[in-house]
Each structure stands twice: as C-alpha cells, then as structure tokens.
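Each chain, letter by letter, is given below.
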Amino acid sequence: ANRGGKQKKGNVTSEQEEEEQPLQAVLVADSFNRRFFPISKDQPRALLPLGNVAMIDYTLEFLTSTGVQETFVFCCWMSNKIKDHLLKSKWCRPTSPNVVHIITSDLYRSLGDVLRDVDAKNLVRNDFILVYGDVVSNIDVSQALQEHRHRRKVDKNISVMTMVFKESSPGHKSRCEEDDVIVAMDSKSKRVLHYQKTQGLKKLQFPMNIFQHGSDEFEIRHDLLDCHISICSPQVAELFTDNFDYQTRNDFVRGILVNEEILGNQIHLYVTQDGYGARVSNLQMYDSVSSDMVRRWVYPLTPEANFTDQQGQGCTHSRHNVYRGAEVSLGHGSQMEENVLIGRDTSIGANCHISNSVIGNNCTIGDNVVLDRAHMWNNVHISSNVEIHQSVVCDGAVVKEAVRLNKQCVLAYNVVIGPNLSLPEGTVVSMHHPEEEEEDDDDEFLSDDQEVGHTFNPAEVGPEGKGYIWKASMNDTEDEELAQCLWGRPLSKQNVCKVVSFQLEVLGTLQRGLEENIVCDNLVLEINSLKYAYNITLKEVMQILTRVVLEYPFQQQGTQLTTLQYTGSLLPLLKTWSPVFKNYIKRAQDHLDCLSAVEELFLEQDTHQTAMVKVLMKMYQLEILEEEAILKWFSTGATNDKSRQLRKNQGLQKFIQWLKEAEDESSEEGE
Amino acid sequence: MPGADKETDLTERIEAFLADLKRGGSGTGPLRGSGEMARETTYLLRRITAQARWSSAGDLMEIIRNEGRRMTAAQPSETTVGNMVRRVLKIIREEYARSRGSSEETEQQESLHKLLTAGELSEETFREHFVHLKANVIEAINELLTELDGTTDNIAMQALEHIHSNEVIMTVGRSRTVEAFLKDAARKRKFHVIVAECAPFCQGHEMATGLSKVGIETTVIADAAIFAVMSRVNKVIIGTQTVLANGGLRAVNGTHSVALAARHHSTPLIICAPMFKLSPQFPNEEDTFHKFVSPHEVLPFTAGEILSKVNVHCPVFDYVPPELITLFISNIGGNAPSYIYRLMSELYHPEDHKL
C-alpha cells in the first residue's frame, strides 16, 4: 500500500538547476530475475554476448550517443565481472565523453532498492535516464528529453517520468508476450492514463474515471513496444524511497497512476517511430534482437562498426548481411546463406550450411554442419555432421559428432554433448546440477563433494557428454516453466497456473468449512475474496466451484471409489453447500455454465457417468439448477462425439423425459 | 603540466570526432554535408600538427597516417575524411621538400625507367629537422582550408556557362553543391528543374523546397518516372558522394538509373563535385563500397509479422560507371572522366593512396 509520504523536496532544488547540467543516467546491470538461468549462473546477463559484443556495451553506447555525460552502473549479481569488463572497456578510458561510475552492492534485490540507493546517496541532481543493462537501442531520446523538460517547466514538476515506447504492431517478433502492454493515453498531452500488462488476457478493463477528466481525446494503444528506457526526474528516486514496497518500474507506474489524485504526479510517454529499442528480457527476445541487429535495424550499431573500439573485433560486411571477422576460414563448399555473423579466428569445415546465425570468436566447426538461427558464443567446438536449429550454445561448449539440437535448446557453459544424440526441443543442459541451485541459495559455501553426488547421465548427454539436463531432473510442470522462462513463450500458461491455485484454495476453503462447520455465507465471502485475489472471472469461479465439489469425494477418499460410494458421499455435500451454489448461479447463462462444468467432469471420469443423473437430480431438487436450463443444455450443449455419447446414457434420457413430463404437468397445472 | 593537458585535450577531440563519425548518418546520408566534414577533418589535422609531439616530418606523417587510418576505419563510406588526410600528407611532403631545397615534382613519379636505372627505390626518410617546418605546414593547411571554404562558390560561379535559358534540368536527391549551382544560375536565367525524389529517404523533396524558394520552377517526380521524363530533359546535373579513381561515381541510390536513362536519350550528364570528393579508391573494393542502413525506411518496423519472414535491405549508394558521365565540374574547372587520373596524381602522393 502506498503512503502519501513526505513532501516533495525536489521542488526547490530542481527549479534552481540550469539546463547545462550534464545529463545523467542510471544503468541497472542486473535483471533481478532468473530468466537466463542457468546461463546467468556463470555470467551476469549484462555481459552475455549479443552479436559478439556484451549487451551492456550496447546500452552504454546508446546512452553516450544520446549525450549522457555521467552514468551510474549498478551491479549486484557477479558485480566483479561487470566491473572488470567495464574497466577494460573504452567507457573507462580517460577520454570517454561519458564518465562511468560503478556502484556495486549485494543488497540490491530489485530496481526499487537501486533507486532508493540513488536517492540515499544523492547521486542525481537533474532529470536522468533509467535503463537496464540489457537494452539495445539507437533511439535518439533528446527529443523526448526536451518534451520532458518542457512539461516539467510548464507544469511545475507534475510529470515525474517519461517512458519511451516504440511503435510496432502486435505480432511483431520483437514483442514478447510478457512485456506486452496496453496503454491508455491522453492524445494531446501524451499523458499515461492507464498502463497494464496484457498477460495474454483477452479481456481488459479500464476504470471509467480515467476518461472523465482532462482533454477529450484519448488513445488506447496496443501497438507499443516498451523499450524500457525512461526519463525520470529526481523525484522518481524520492518516490521509491517514500514507498518502500515499490519493487519494479511496473509497481511504480501503477502506484503513480492509482494515486495520481493524491500525489498529483503524472507519467507521460514518448512514442518513436524510427529508431530501435528493445530489452533482451528472455531468450526469445535475445533471438529476435540478435537477428534484428544482424539485419541492421539498429544501425549504426552494426557488427562491423566495432563501436566498442576493441582491437581485432572489427569485421567486414558483405552482401546478404554476411559479416566476417579477421582470420575466418571457410571450408570448401560451405555456404553462408544470409544474416550470418562470424567472429574472429573461427574456422568452418567443408560443406556447411549456415544461415541466420551468430558465431563467436575462436570457434571450430567441422564438416557437413547445418546451423540455422544458432547463437554460438566464444570457443565453441562443433564436430562434423551436427545440426543446430534455433539454439544457444554458450562459451566453451563442445558438441560431438552427429548431434542434433532441435529448437530452443540451450547448452550452457562448458557442456559436452554427444556423440550420436538428438536433443529434444527445449532441452537445457548445464554443468550445474539443477538441485544445486537451491542449496546454493541457503549455503554459499557449496562444497565440491556435494557435486560429486551427481553423475552425468550418458542417456541424456551422450556417451562422452558432460552436463546435467535441467529438464529430466524436475517434474513436468516445473520443467516447462523453465524452458518457458528461458525462451519466454506466450504466457497463457501462467493463467492456467492461476486457475489451478485458485482451485486449490477453494478446495481448502470448503474443506475447512466442513470441518469447522462454517456458515455458507462466510464461505461465499471467502471465495469472493479469493476471486479478487486471483483475478478470476465469475464464470470461472462457478466452473471451478462445481468441479471442486464434484471431485471432493475423490479428493477425500481416493479415486478408487465405486459409483455407489461416490454418490453416497457427494449428495449430502451438495445439500450442505447448496446455498453457496445458489449464490453464484443466478442467471440463465450461469446455469448452462455450471452444467457444462458438470458435463466436463463426468466426461473425464467416464466410469462414474451413471452418477451424473443422480447429481443432476439432486441439484434440481435443491433448486440449484432449473429444469429449463437442464433441458436447454441437453438439447443444445452437445458439441462433440463424446458429449453426444454422454447424452445417450439411459439414466440421463429417463431423467430428461421425467423433467419434460414434469414441465408439461406444471404448465398444464398453470393453465 | 600544460603539455600533458594539451595532449589529453587533443586525444579527447580525436575520440569525439571518431565517435561522431561512427554514429554519423542516421540513414539520410551524413548528418553534415561532406564539405563540412572535409573542413572539420582538416581543422582536426591542423590541431594534431600543432599540438602533437613530433620532431621531424616523418614523425608527423606517421601520426597523421595512424589517426587517418582510424578515422577512415570508423566510417569507411565517408571518403572525404581519407581524402583530406591524404591532402595533408601531401602538404607535409611538399613543405619538407621545399625546406630541403629540392622540388617535390622531380621525385614524385616512379617511372619504369627510373625503377630500372636507380637499382633500388630511393627511400626518403623525412628524418631531417627543420625549425620552420611546423609553421610552414600549418600555413599550407590554412591555405587548404581557404580553398575548401570557397569550393561551393567556385563551382556555382561556373553555372552560367552550363545552364541556358528555358532549359529543362533534371537532378536527383539533394546535393548542396547542385543546389548552389542552380540557384546561382537562376539569378540570371529562367529554367525548369525536375527533381527525382530519391526514395526511400526522399531528400529530393527538401531540394525542391529549397529551389522553389528562390523562384525556380520546380517539379518533383517519383523515381519510377525518371525514364519517362528524361526525353524532355536538356541536361542532367547531379551531385555525388565520391568521385572514384576511375572516374566513376559513388552517388546516392538511384543515380545509376538516371545516368542510364540519360545515356539512352543522349542527354548530357554533368556532375558537380568539389575536388575534395576525389578519392583514390577503385570501385572493386567491395567491402567498404556499400553502405547498408536500417531498413526502416523501406519497410517500417511497424509492419509487424511480415518482418520475420522477409529480408529487407536498404543500401545507400549506387555505382555509376565513368562511361555514362559527360563532364565533371569541380572548383578548378570542368573535366572529362578520362582526366580524373591526372587530377588524382596532382592532389595525392601515390604512396599515400593506401593509408
């Protein structure tokens, strides 16, 4: 919750400041999440190579070219490595126009911590640019900066932040689902009225009050790609201090928008059409940003420009976007088809087919190798007859003969694979054992003998392989999440998770209600609060409730129940909970939804189909369901063979018959 | 230490210039005109001459060559920078030779006869120290700067010799030199200019507004209409990014089609190019010849899904072979393409062709 907090002390100081103050930037060289696990176990994300250049270099080049003169780099995870890298780079040379300060601390757990530290140390004096260490961009933000400053001058520091967006229509490959946002804005003042991640939702709701004040022109946009570049006033850091529960920029933006009335702060946005900006937030984004870069969308940050100014990093650019570093050798009959970047001292054998791939420095590739959308980092060895599709191969990995990596595989540092193996889609192999991860968290002194406990499984990584598959050692749901974490596929999955956990909560509630004899009204209250906590629609609540109740006997007494036992235990339950049902099932549509939930369950539990009639009968008797609804469901609901089969059930037929007759009778009586 | 200060100041300037070069060109060609680029390079070289530590002409040439190499590597398509470096190197050679009392002319050409008779190449070391060399070199560079300042005017002055009343002139894209050239002619004569818009950057629009402001009758056409309109055109006057050593051009995309259309209709093709655009580069050095920028202008990023299914390229330059060109107008007069080699040898020392 948000506390109104202390007064804005920035007001006085920022007015006195002149425009000539050097432009500052805060670069957060940590992602505070584990999306690149297990790769980021060995190397922080900001240093992962993209087009053979560390990602943080792109961010720094972007800042420098927009005229930033002082950058604060905040690192947490593996801060030493980042520090070493920066000290060696051109950014820390005395002639660099952009002075880079490196601030490290193990205590940063989120963006919020970083900004609170910025405020505590009083680092920024004026408007600053806030970016992550994995943003690749060539946007000239000076225009946005000018607009931001103008707004602050005119409106007396009301606007605290300007977010930079890039126009790109939905379906663009550089838009990842998890970063998909929908923004409502005032089209004249460019003020953000509503900001929401879509998270794969089909239905979005906007509070009406955002449209009631201000100008009369609004835009609701879904064609924006969040570049994760924001121009912040010093107040932003203060607001983070005031609200210690802000962890991410998302929290901040939502907090500001919700409390706009109280605090009087506003957020604006700047939409750029040309220019490129994207954050490498997962491997899918890595893949698409990398390919955008090779296809020169980020010009002038192209591979051959060697903007990091490193000796020997230069490469040449020839047609079909083929880039070759120094001392590259290519065997007889090998083809680099298109969009290929090959680092220095790499040698490629005969008859290889390479397309849309990035190959690092010092790699060796054997004969008859097929690479498509492969990302290979430095010192990788690939033997002959290997096929790699859309995969990431990290530093020092070895792929032996006749190995095939299907889509979205990840070979982390120093892994050995093969020979004669085909890795299924989405396999992640690392030298770190997956279970070691948890141990690592509690106990920093991970001793070696713990690792000895795990041995490489030759069936997984091949007879000569070294490494652990992250997939096999975990149970199914988790593994899929992991692959998803890395590749960042559509997020509908999370939605399902939400529903599942809601279902568990409902089950728990009902169970407790039964044990402690809680009144049904209170149960309804509890379920309602759960509904809001998980953001579940009313329809889903009803379906889940039905499902939970009908499955209750199985939950309590195991799945081996006979139909008779099942109905015996279920029917009293229905009676107890009928007020709960009645509370949710009101409209005609609700009845149908409930019926379809019942149907769905009995389609799954096909041995107990005979119980269905009894359940329906009981529900009818308890007046949970109305006869018209049941009849309508029976006549129209059948969509596939199975449900049609279900409707041919004799008991059900009889029940319907009986219902119809009852209806006739009642209507006759009515007359 | 003031000396050290000076040096860091100098390196800072060089780094800033290099960074500028690397970022130069957001797609619409260089941010600054090549004339300005040439001047800036020369200013920087003058500063290096004045502030760097060197005791003999050889040292200075080494320093300048090194910096020049870095500058050209930073933005290979910006040939003016390399050209100015070569010009300054040539100046140093001449000043050194003058200080020694011998004339540069006699040593310049390595003829086959000389190679045979001399036995081995006479290696000039440039190691002798002369007190006034620095002042002389700076003086000569200043002269070069004055020459650069006057180039556009010098070219524009010749306009009346080439443009006659009631002619129809075609040009493509935007060139500051051509704009000045046409404007100069417009003060005395009345003529019609057709500007090809030069997609995808459409610099032609800018050119047309500039021309119409001074009262020249201007028409903008799409690039596709070039051939159709060519039959009405009396002369084609265009600018270029670089004049290559063989007399060909590296000019903005679309120039080649203009040149071919002009050849088909036997329309004279006149190139307005100041001398600093003359480069000892040949068109076969493919890697640095082309420049591909962000494909945004061709197919906007907003196009969405289609982008992952197609390859989009956006090249900036065209090569125009010398046989399509009628005349070069430079600040020192008009020349035929076949004469370029001679100008080349006057401007640059053969040993400096490769930095």
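Residues numbered from 1 in each chain as written. Chains lettered and ligands numbered in written order. Predicted model: local features only at pLDDT ≥ 70, side-chain atom pairs only at ≥ 80, totals over all residues. Heavy atoms only, no water.

### Regarding the overall build of chain B
Counting its regular elements, chain B contains 14 helices and 10 strands. Split into buried and exposed, the 355 residues of chain B put 52% on the buried side. Sequence-distant contacts, at least 24 apart, represent 79% of the contacts inside chain B between residues at least 6 apart. Total accessible area on chain B stands at roughly 16,100 Å², and carbon and sulfur atoms take up 52% of it. (Helix = DSSP H or I, 4+ residues; strand = E, 2+ residues; numbered from the N terminus. Buried < 20%, exposed > 50% of the residue type's maximum accessible area, 1.4 Å probe, protein only. Contact = heavy atoms within 4.5 Å. Areas by Shrake-Rupley, 256 points an atom, 1.4 Å probe, with all protein chains shown as cover.)

### Side note on the overall build of chain A
Across its full length, chain A holds 22 helices and 35 strands. A buried classification covers 54% of the 671 residues belonging to chain A. Accessible area for chain A stands at about 29,400 Å²; split by element, carbon and sulfur atoms hold 48% of it.

### Some words on the environment of arginine 547 of chain A
Residues and elements named next belong to chain A. Of note, arginine 547 is situated in helix 16 (residues 538–557). For arginine 547, a relative accessible area of 16% translates into the label buried. In this view, arginine 547 contacts Gln503, Glu600, Leu601 and Glu604; residues no more than four positions away in its chain are not counted.

### Description of helix 3 (residues 57–74) of chain B
Look at helix 3 of chain B: 25 Å from first C-alpha to last across 18 residues, which is about the 26 Å you get at 1.5 Å a residue. Within helix 3 of chain B, burial applies to Ala57, Gly58, Leu60, Met61, Ile64, Arg65, Glu67, Gly68, Met71 and Ala74 of chain B. (Expected span 1.5 Å × (residues − 1).)

### Details of the confidence of the model for chain B
Predicted coordinates in areas of low pLDDT are best not read in detail. Residue and element names in this part refer to chain B. Averaged over all residues, the pLDDT of chain B equals 86, while 89% of them reach at least 70. Counted against residues more than four places away or in other chains, residues 25–30, with its pLDDT under 50, gives 11 contacts. Scoring of the predicted complex yields 0.76 for pTM and 0.86 for ipTM. (pLDDT = per-residue confidence, 0-100.)

### A few points about the sheet that holds strand 24 (residues 370–372) of chain A
In any sheet, the strands associate via hydrogen bonds between backbone groups, in a parallel or an antiparallel arrangement. Residue and element names in this part refer to chain A. Here we have 6 strands laid out as an open sheet, ordered 18-21-24-27-30-33, and parallel in their pairing. Of all strands in the sheet, those with a lone pairing partner are strand 18 (335–336) and strand 33 (421–423), marking the two edges. Here strand 18 pairs with strand 21 (residues 353–355) via 2 bridges, running parallel. Opposite glutamine 335, over in strand 21, you have histidine 353 as the bridge partner. (Pairing = 2+ DSSP bridges.)

### Re the sheet that holds strand 32 (residues 416–417) of chain A
Residues and elements named next belong to chain A. If you trace the 6 strands from one edge of the open sheet to the other, you get 17-20-23-26-29-32, paired in parallel fashion. Edge positions in the sheet fall to strand 17 (329–330) and strand 32, since each has one partner strand and no second. As judged from the 2 bridges shared by strand 17 and strand 20 (residues 347–348), these two strands associate in the parallel manner. Looking at strand 20, one finds that serine 329 is bridged to serine 347.

### Regarding the packing of aromatic side chains
Residues and elements named next belong to chain A. In the structure shown here, the tally under the stated rule is 12 aromatic pairs over all chains. Pairing phenylalanine 456 with tyrosine 468 gives two aromatic rings, centres 5.2 Å apart and planes at 40 degrees, and the pair type is tilted. Here phenylalanine 456 is found in the loop between helix 11 (448–452) and helix 12 (458–461), whereas its partner tyrosine 468 is found in strand 35 (residues 468–469), with 12 residues between them in sequence. Taking the centre distance of 6.0 Å and the plane angle of 90 degrees together, the rings of tyrosine 620 and tryptophan 658 count as edge-to-face. Of this pair, tyrosine 620 sits in helix 19 (residues 611–621) while tryptophan 658 sits in helix 22 (residues 650–670), and the two are 38 residues apart along the sequence. (Phe/Tyr/Trp six-rings, centres within 6.5 Å; stacked < 30°, edge-to-face > 60°.)

### Digging into unusual backbone geometry
All names here are of chain A. For the bond running from tyrosine 299 to proline 300, omega is 5 degrees, close enough to zero to count as cis. Among the structural elements, proline 300 can be located in the loop between helix 9 (283–294) and strand 15 (315–318). At arginine 296, a position not held by glycine, the phi torsion is positive, near 70 degrees. With respect to the secondary-structure elements, arginine 296 resides in the loop between helix 9 and strand 15.

### A short note on the pairing of strand 8 (residues 159–167) of chain A
Residue and element names in this part refer to chain A. Most of strand 8 is tucked away, with 9 of its 9 residues classed as buried. Relative to strand 13 (residues 266–272), strand 8 runs parallel, the two sharing 7 bridges. Counterpart to methionine 163 in the pairing with strand 13 is leucine 269. Here strand 8 runs beside strand 12 (residues 224–232); their pairing, made up of 7 bridges, is antiparallel. The residue of strand 12 that forms the bridge with phenylalanine 165 is aspartate 226.

### A few points about the interface of chain B and chain A
Counting residues at the interface gives 29 residues for chain B, matched by 34 residues for chain A. Buried area between chain B and chain A, summed over both chains or domains, comes out near 2,700 Å², and the portion from carbon and sulfur atoms is 54%. When residues of chain B are sorted by the area they lose upon contact with chain A, Lys22, Arg23 and Phe301 of chain B head the list and together hold 29% of the total. Remark: the boundary between chain B and chain A carries 0 salt bridges. Scanning the region where chain B abuts chain A turns up 7 residue pairs in polar contact (both at pLDDT 80 or more). (Buried area = accessible area lost by both parts, 1.4 Å probe. Salt bridge = Lys/Arg side-chain N within 4 Å of Asp/Glu carboxyl O. Polar contact = N/O pair within 3.5 Å; in protein donor to acceptor, adjacent residues only side chain to side chain.)

### Digging into the pairing of strand 10 (residues 191–197) of chain A
For a regular strand, side-chain orientation follows a simple rule: the groups alternate between the two sheet faces. All names here are of chain A. Judged by how many residues are buried, strand 10 sits mostly within the fold: 6 of 7 residues are covered. Two elements, strand 9 (residues 181–186) and strand 10, share 6 bridges in a ladder whose sense is antiparallel. If you follow isoleucine 182 over to strand 10, its bridge partner there is glutamine 196. Counted along the chain from strand 9 to the antiparallel partner strand 10, the turn is 4 residues long, and its residue lysine 190 has a positive phi close to 60 degrees.

### Some points on the nonpolar core
Residues and elements named next belong to chain A. Core analysis: the largest hydrophobic core is formed by 70 residues, its most contacted members being Ile56, Ile129 and Phe252. Sequence-distant contacts of isoleucine 129, that is, excluding residues within four places in its chain, are made with Leu23, Gln24, Ala25, Val26, Leu63, Val68, Val141, Ile229, Ser230 and Ile231. Listed in part, the 57 residues of the second largest apolar core include Ile536, Tyr584, Val615 and Phe655. (Core = buried A, V, L, I, M, F, W, Y, C linked by side-chain atoms within 4.5 Å.)

### Brief notes about the packing of helix 3 of chain B against helix 4 (residues 79–100) of chain B
Residue and element names in this part refer to chain B. As a packed pair, helix 3 and helix 4 sit with axes 9 Å apart at the nearest point and diverge in direction by 175 degrees. One element, helix 3, and the other, helix 4, form an angle in the roughly antiparallel class. Mapping the contact onto sequence places Ala57, Leu60, Met61, Ile64, Arg65, Gly68, Met71 and Thr72 in helix 3 and Val81, Gly82, Val85, Val88, Leu89, Ile92, Arg93 and Tyr96 in helix 4. Its residues assigned to classes, the contact of helix 3 with helix 4 comprises 11 nonpolar, 3 polar and 2 charged. (Axes fitted to C-alpha atoms, helices over the stretch in contact; angles between N-to-C directions. Parallel < 35°, antiparallel > 145°, perpendicular 65-115°, else oblique. Nonpolar A, V, L, I, M, F, W, Y, C, P; charged D, E, K, R; others polar.)

### So, helix 5 (residues 142–154) of chain A
Residue and element names in this part refer to chain A. When the terminal C-alpha atoms of helix 5 are compared, their 18 Å separation across 13 residues agrees well with the 18 Å that a helix rising 1.5 Å per residue should span. For helix 5, the complete set of buried residues consists of Ala144, Leu145, His148, Arg151 and Arg152. Along helix 5, the residues classed as buried sweep out an arc of 125 degrees about the axis, all on the same side. When the buried face of helix 5 is taken as reference, the exposed residues oriented beyond 90 degrees from it are Gln146, His150, Lys153 and Val154. (Arc of directions from axis to C-beta.)

### Some details on the packing of helix 18 (residues 588–604) of chain A against helix 19 of chain A
Residue and element names in this part refer to chain A. In the contact formed by helix 18 and helix 19, the axes pass within 11 Å of each other and the chain directions differ by 160 degrees. One element, helix 18, and the other, helix 19, form an angle in the roughly antiparallel class. Here helix 18 runs over helix 19; the crossing is right-handed. Facing helix 18, whose interface residues are Cys594, Leu595, Val598, Glu599 and Phe602, helix 19 presents Ala611, Met612, Val615, Leu616 and Met619. Tallied by class, the residues present in the contact of helix 18 with helix 19 amount to 9 nonpolar, no polar and 1 charged. (Left-handed = near helix turned anticlockwise from the far one by under 90°.)

### Side note on the environment of threonine 95 of chain A
As for its position among the elements, threonine 95 of chain A is in the loop between helix 3 (79–88) and strand 5 (99–104). Discounting residues that sit within four places of it in the chain, threonine 95 of chain A has contacts with Thr11, Glu12 and Glu15 of chain B.

### Topic: the side chain of glutamate 167 of chain A
Summarising the element assignment, glutamate 167 of chain A is placed in strand 8. A polar contact is formed between the side chain of glutamate 167 of chain A and the side chain of arginine 221 of chain A, at a distance of 2.9 Å. A polar side-chain atom of glutamate 167 of chain A sits 3.4 Å from a polar atom in the side chain of glutamine 273 of chain A. Sequence-distant contacts of glutamate 167 of chain A, that is, excluding residues within four places in its chain, are made with Arg221, Asp223, Leu224, Val271, Thr272 and Gln273 of chain A together with Phe301 and Thr302 of chain B.

### Quick look at the pattern of salt bridges
Residues and elements named next belong to chain B. Inspection of every chain in the model, using the stated rule, returns 37 salt bridges over all chains. Across the pair aspartate 59 and arginine 127 runs a salt bridge whose closest N-O atoms are separated by 2.8 Å. In this pair, aspartate 59 is assigned in helix 3 and arginine 127 in the loop between helix 6 (112–118) and helix 7 (133–157), connecting sequence segments 68 residues apart. When salt bridges that share partners are traced, they join Glu62, Arg65, Arg93, Glu351 and Asp352 into one network.

### With respect to the side chain of serine 288 of chain A
All names here are of chain A. Note that serine 288 resides in helix 9. According to the relative accessible area criterion, serine 288 is buried, its value standing at 5%. When residues no more than four places from it in sequence are discounted, the contact partners of serine 288 are Lys173 and Ser174.

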